[in-house]
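These are the residues of each chain, in order.
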Amino acid sequence: MKKVNVALLQLCSGKNTKNNLAQIEQQIKQLPDSVKLVLTPENALLFSNSKDYHKHAEIQGDGPLQNAIAKMAQRYKVWILVGSMPLISRDSPDQITSSSLVFDDEGVIRARYDKIHMFDVSIDDEQGEYNESSIYQRGERLTVVDTPVGKLGLTICYDLRFPGIFQALREKGAEIISVPAAFTRLTGKAHWEPLLRARAIENQCIILAPAQVGTHDTRRTWGHTMAIDGWGKVLKKNPDAVSALTLNVGVESLHGMREQIRVVKHNRFRPKLTHLIKKVKDKEEL
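To start, this report covers the structure provided alongside it. Note that the structure is a prediction, hence the values are computed from the model and not measured. (Residues numbered from 1 in each chain as written. Predicted model: local features only at pLDDT ≥ 70, side-chain atom pairs only at ≥ 80, totals over all residues. Heavy atoms only, no water.)

**Quick word on the packing of aromatic side chains**
Each aromatic ring pair is summarised here by two numbers: the centre-to-centre distance and the angle between the ring planes.
In step 1: Within the structure shown, the criterion is met by five aromatic pairs.
In step 2: When the ring of Phe-183 is compared with that of Trp-192, the centres are 4.9 Å apart and the planes differ by 50°; the resulting orientation is tilted.
In step 3: Judged by relative accessible area, which is 0%, Trp-192 ranks as buried. (Phe/Tyr/Trp six-rings, centres within 6.5 Å; stacked < 30°, edge-to-face > 60°. Buried < 20%, exposed > 50% of the residue type's maximum accessible area, 1.4 Å probe, protein only.)

**Remarks on the side chain of Asn-43**
In step 1: Here Asn-43 shows up in the loop between β2 (37-39) and α2 (50-56).
In step 2: A residue is classified by how much of its surface remains accessible, and Asn-43, at 6% relative accessible area, is buried. (Helix = DSSP H or I, 4+ residues; strand = E, 2+ residues; numbered from the N terminus.)

**Examining the layout of surface pockets**
In step 1: One number sums up the size of the largest pocket: a volume of about 360 Å³.
In step 2: Lining the largest pocket are 20 residues, with Ser-48, Asn-49, Tyr-53, Gln-127 and Arg-219 positioned closest to its centre.
In step 3: Residue composition of the lining of the largest pocket, grouped by class: six nonpolar, eight polar and six charged. (1 Å grid on protein atoms, 1.4 Å probe; cavity = no way out; pocket = protein on both sides within 12 Å on 5 of 7 lines; lining within 4 Å. Points joined across faces, edges and corners; volume = space filled by probe spheres on them. Nonpolar A, V, L, I, M, F, W, Y, C, P; charged D, E, K, R; others polar.)

**Observations regarding the pairing of strand β8 (residues 144-147)**
In step 1: Going residue by residue along β8, you find Val-145 and Thr-147 tucked away on one face and Val-144 and Asp-146 left uncovered on the opposite face.
In step 2: Note that β8 and strand β9 (residues 150-154) share four bridges and pair antiparallel. Each bridged residue has a counterpart across the sheet, and for Val-145 the counterpart in β9 is Leu-152.
In step 3: Counted along the chain from β8 to the antiparallel partner β9, the turn is two residues long. (Pairing = 2+ DSSP bridges.)

**Focus: the environment of Ser-100**
In step 1: Along the chain, Ser-100 falls in strand β4 (residues 96-103).
In step 2: Ser-100 sits 119 residues away from Arg-219 along the chain, and the two C-alpha atoms are 21 Å apart.
In step 3: Residues in contact with Ser-100, not counting those within four places in the same chain, are Leu-81, Val-82, Gly-83, Ser-84, Ala-111, Arg-112, Tyr-113, Leu-154, Thr-155, Ile-156 and Pro-180.
In step 4: Polar contacts involving the side chain of Ser-100 include one to the main-chain carbonyl oxygen of Gly-83, which spans 2.5 Å. (Contact = heavy atoms within 4.5 Å. Polar contact = N/O pair within 3.5 Å; in protein donor to acceptor, adjacent residues only side chain to side chain.)

**Some details on the environment of Arg-220**
In step 1: Tracing the chain through its elements places Arg-220 in strand β13 (residues 219-222).
In step 2: Setting aside residues no more than four positions away along its own chain, Arg-220 makes contact with Glu-126, Phe-183, Thr-184, Arg-185, Gly-214 and Thr-215.
In step 3: For Arg-220, the side chain forms a polar contact with the side chain of Glu-126, separated by 3.3 Å.

**Points about helix α1 (residues 17-28)**
Working note: α-helix, 3.6 residues per turn, so residues spaced by three or four point in the same direction.
In step 1: Helix length check: α1 (twelve residues) gives 17 Å between terminal C-alpha atoms against 16 Å at 1.5 Å per residue, within 8%.
In step 2: Those residues of α1 that sit buried are Thr-17, Asn-20, Leu-21, Gln-23, Ile-24, Gln-27 and Ile-28. In a view along the axis of α1, the buried residues occupy a sector of 155°, so they form one face of it.
In step 3: Here the buried face of α1 lies against β1 (6-9), β2, α2, α3 (64-76), β3 (79-88) and β16 (244-247).
In step 4: Near the N-terminus of α1, the side chain that reaches the backbone nitrogen of Lys-18, with its oxygen 3.0 Å away, is that of Asn-16. (Expected span 1.5 Å × (residues − 1). Arc of directions from axis to C-beta.)

**Describing empty space enclosed by the protein**
In step 1: Across all of its chains, the model carries one cavity of 30 Å³ or more by this definition.
In step 2: In this structure, the largest cavity encloses a volume near 60 Å³.
In step 3: Around the largest cavity, the lining residues are Glu-42, Lys-115, Phe-119, Glu-132, Cys-157, Tyr-158, Arg-161, Ala-182, Phe-183, Thr-184, Thr-187 and Arg-219.
In step 4: Residue composition of the lining of the largest cavity, grouped by class: five nonpolar, two polar and five charged.

**Topic: the packing of helix α4 (residues 163-171) against helix α5 (residues 185-203)**
In step 1: Contact geometry of α4 with α5 gives a least axis separation of 10 Å together with a crossing angle of 40°. Here the hand of the crossing between α4 and α5 comes out right-handed. Counting all contacts with α4, which are made through Pro-163, Phe-166, Gln-167 and Arg-170, the residues of α5 involved are Arg-199, Glu-202 and Asn-203.
In step 2: Its residues assigned to classes, the contact of α4 with α5 shows two nonpolar, two polar and three charged. (Axes fitted to C-alpha atoms, helices over the stretch in contact; angles between N-to-C directions. Left-handed = near helix turned anticlockwise from the far one by under 90°.)

**A word on the sheet that holds strand β11 (residues 206-209)**
In step 1: Read from one edge of the open sheet, six strands run β8-β9-β10-β11-β14-β15, paired in mixed fashion. Pairing within the sheet leaves two strands with one partner each, and these edge strands are β8 and β15 (234-238). In this sheet, neighbouring strand axes are inclined to one another by 20° on average, regardless of whether the strands run parallel or antiparallel.
In step 2: Across three bridges, the pairing between β11 and strand β14 (residues 225-228) is antiparallel. Across the sheet, the residue bridging to Leu-208 is Ala-227, located in β14.

**A closer look at the pattern of salt bridges**
In step 1: Across all of its chains, the model carries 14 salt bridges by this definition.
In step 2: Put simply, Arg-220 and Glu-126 hold a salt bridge, and the shortest N to O gap is 3.3 Å. Here the residue Arg-220 occupies a position in strand β13, and Glu-126 occupies one in the loop between β6 (120-122) and β7 (129-131), the gap between them amounting to 94 residues.
In step 3: What emerges from the salt-bridge pattern is a single network uniting Glu-42, Lys-115 and Glu-132. (Salt bridge = Lys/Arg side-chain N within 4 Å of Asp/Glu carboxyl O.)

Keep in mind these values describe shape, not function.
This is the structure:
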């Protein structure tokens, strides 16, 4: 059997951060030793409300939630992507961001991404109204980081609906793009898989999408954690179990595909993407 090198955790996170951390560690401790990179969903460490997000927001590199993840990374010798957690804004101590963090297997933070697109929508589900911009400051930086399995571009959930950020990450060298999410059941059933497959095909990247599943107070999430190759094929899927999905990811398969169909070279809007990347280049520090 081929060794696996990536694990996507499907979680049902809630208000209790200790329970959320325990759920993450329980899944990690059962993984094979060959796993090098573990990805968790959006709201992995806290799935709650504005008051709680502000209460638990941490300064990057300091705080009980980050310390707990760093210790897990060290203990189990894996890189860990925290799909999102509340962090104090880099620009204003009075504001917070919804941020992905990448920890290496020594517990050191290698990358941060602040969610750019805020989920401000009105839909016909249990909650009805979502207004992330009333909680978070939107991010302005693109992030690609070297990991043991390839160059990883970072996005979060609602970013999935905006192809431009994925194209920009591909321009910056991304081979794999993470989409940690807490998609609603209503939108997930209709749009989750088609959008993930489209982003993979358009950018000839492997898409890794760990998701929340189940009920979180008034909110219900879709689950369906999945991995998709650069051809748009669903490699593996976990519809509704609170458990880890494991697979072997090899970016070598992308090289031939990118030579055969040169979408980056053929993109007539590429100058606009290049301008976007240049605009944020000075803001890429951790």
